[in-house]
Amino acid sequence: MAKAPAKIAAKTEAAPKKKLNIDDQGRAYGTGRRKDAIARVWIKAGSGKITVNGRDAKEYFGRPNLIMLVQQPFDATSTRDRYDVVCTAEGGGLSGQAGAIRHGVSRALDKCDDTFHKVLRTGGYLTRDSRVVERKKYGKAKARRSFQFSKR
């Protein structure tokens, strides 16, 4: 006679939540990188003010598309006017710095609230954009551009 298999009690414990990295001043930190630019980003609960290298983002970047790029993680998580951003950006140009700040804001938001991780990951905001400028080769005018060909 075969014995019925013993039922194993299902564990009802949820997966351990990751520790939120918020410092004593209520800030979350994230480092962002894009091309040659590096941005150190701190976010804190506030009114949505973005400060880059001590200046307002609209004054620093000047172009609306770069400001929109920095605000994309907030739009994805529906937290546009809930956090103040203070960051330092160096290296590269304005476009690379804006991409680096976006990456840093995304990482800081991920550390601030664990419910944002899936939205930021599916949107591609947590992945570093690894595209960099191709180096110049010898015998060429630029990376791939040849000198003008002359028949005679």
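It should be noted that the structure appears before, not after, this text.
Read on for a plain summary of the structure. Predicted, not measured: the structure shown is a model, and the values here were computed from it. (Residues numbered from 1 in each chain as written. Predicted model: local features only at pLDDT ≥ 70, side-chain atom pairs only at ≥ 80, totals over all residues. Heavy atoms only, no water.)

On to the pattern of salt bridges. Should their charged atoms come close, side chains of opposite charge can pair. Enumeration over the complete set of coordinates arrives at seven salt bridges. When the shortest N-O distance is used, the salt bridge between Arg80 and Asp75 registers 3.2 Å. Here the residues in one salt-bridge network are Arg34, Asp129 and Arg131, joined through shared partners. (Salt bridge = Lys/Arg side-chain N within 4 Å of Asp/Glu carboxyl O.)

So, on to the side chain of Thr31. Residue placement: Thr31 occurs in strand β1 (residues 27-34). At 2.8 Å, the side chain of Thr31 forms a polar contact with the side chain of Tyr29. (Helix = DSSP H or I, 4+ residues; strand = E, 2+ residues; numbered from the N terminus. Polar contact = N/O pair within 3.5 Å; in protein donor to acceptor, adjacent residues only side chain to side chain.)

All right, on to the sheet that holds strand β3 (residues 50-52) then. One open sheet holds the five strands; their spatial order is β1-β2-β5-β3-β4, and the pairing between them is mixed. Unpaired on one side and paired on the other, β1 and β4 (55-56) mark the two borders of the sheet. When β3 meets strand β5 (residues 83-90), the two strands line up parallel, connected through three bridges. Looking at β5, one finds that Val52 is bridged to Cys87. (Pairing = 2+ DSSP bridges.)

On to the packing of aromatic side chains, then. The description of two aromatic rings rests on the distance between their centres and on the angle between their planes. Enumeration according to the criterion identifies three aromatic pairs in this entry. Ring centres of Tyr60 and Phe61 lie 5.2 Å apart, and the angle between their planes is 85 degrees; this geometry places the pair in the edge-to-face category. Pair check on accessibility: Tyr60 and Phe61 agree, each one buried. Between the aromatic rings of Phe74 and Tyr83, the centroid separation amounts to 6.5 Å while the plane-to-plane angle is 25 degrees, which identifies the pairing as stacked. (Phe/Tyr/Trp six-rings, centres within 6.5 Å; stacked < 30°, edge-to-face > 60°. Buried < 20%, exposed > 50% of the residue type's maximum accessible area, 1.4 Å probe, protein only.)

What follows is about the packing of helix α2 (residues 64-76) against helix α3 (residues 94-112). Relative orientation of the contacting elements α2 and α3 amounts to 10 degrees, with a least axis distance of 8 Å. One finds that α2 runs roughly parallel with respect to α3. In this structure, the crossing between α2 and α3 has a hand that is right-handed. The segment α2 lies against α3, with Leu66, Leu69, Val70, Gln72, Pro73 and Phe74 engaging Leu94, Ser95, Ala98, Gly99, Ile101, Arg102, Val105, Ser106 and Leu109. Of the residues belonging to the contact of α2 with α3, the class tally is ten nonpolar, four polar and one charged. (Axes fitted to C-alpha atoms, helices over the stretch in contact; angles between N-to-C directions. Parallel < 35°, antiparallel > 145°, perpendicular 65-115°, else oblique. Left-handed = near helix turned anticlockwise from the far one by under 90°. Contact = heavy atoms within 4.5 Å. Nonpolar A, V, L, I, M, F, W, Y, C, P; charged D, E, K, R; others polar.)

This part takes up the environment of Ser106. For Ser106, the position within the fold is in helix α3. A polar contact of 2.8 Å, which involves the side chain of Ser106, links it to the backbone oxygen of Arg102.

A separate point is α2. Given a rise of 1.5 Å per residue, 13 residues ought to cover 18 Å, and the 18 Å separating the end C-alpha atoms of α2 matches this to within 8%. A maximum bend of about 40 degrees is found in α2 at Val70, where proline Pro73 lies one to four positions downstream. Taken together, the buried positions of α2 are occupied by Leu66, Ile67, Val70, Gln71, Pro73 and Phe74. The first or second residue beyond α2 is Ser78, which carries a positive phi of 55 degrees. (Expected span 1.5 Å × (residues − 1). Bend = angle between axes of the 7 residues up to and from the residue.)

In terms of backbone geometry, most residues other than glycine have negative phi values and most peptide bonds are trans. A positive phi angle, close to 55 degrees, is found at Lys35, a residue other than glycine. Locating Lys35 in the fold gives a position in the loop between β1 and β2 (37-45). With a relative accessible area of 38%, Lys35 lands in the partly exposed category. Positive phi is not limited to glycine here, since Ser78 has a value of about 55 degrees.

Any link to function would need more than the numbers given here.
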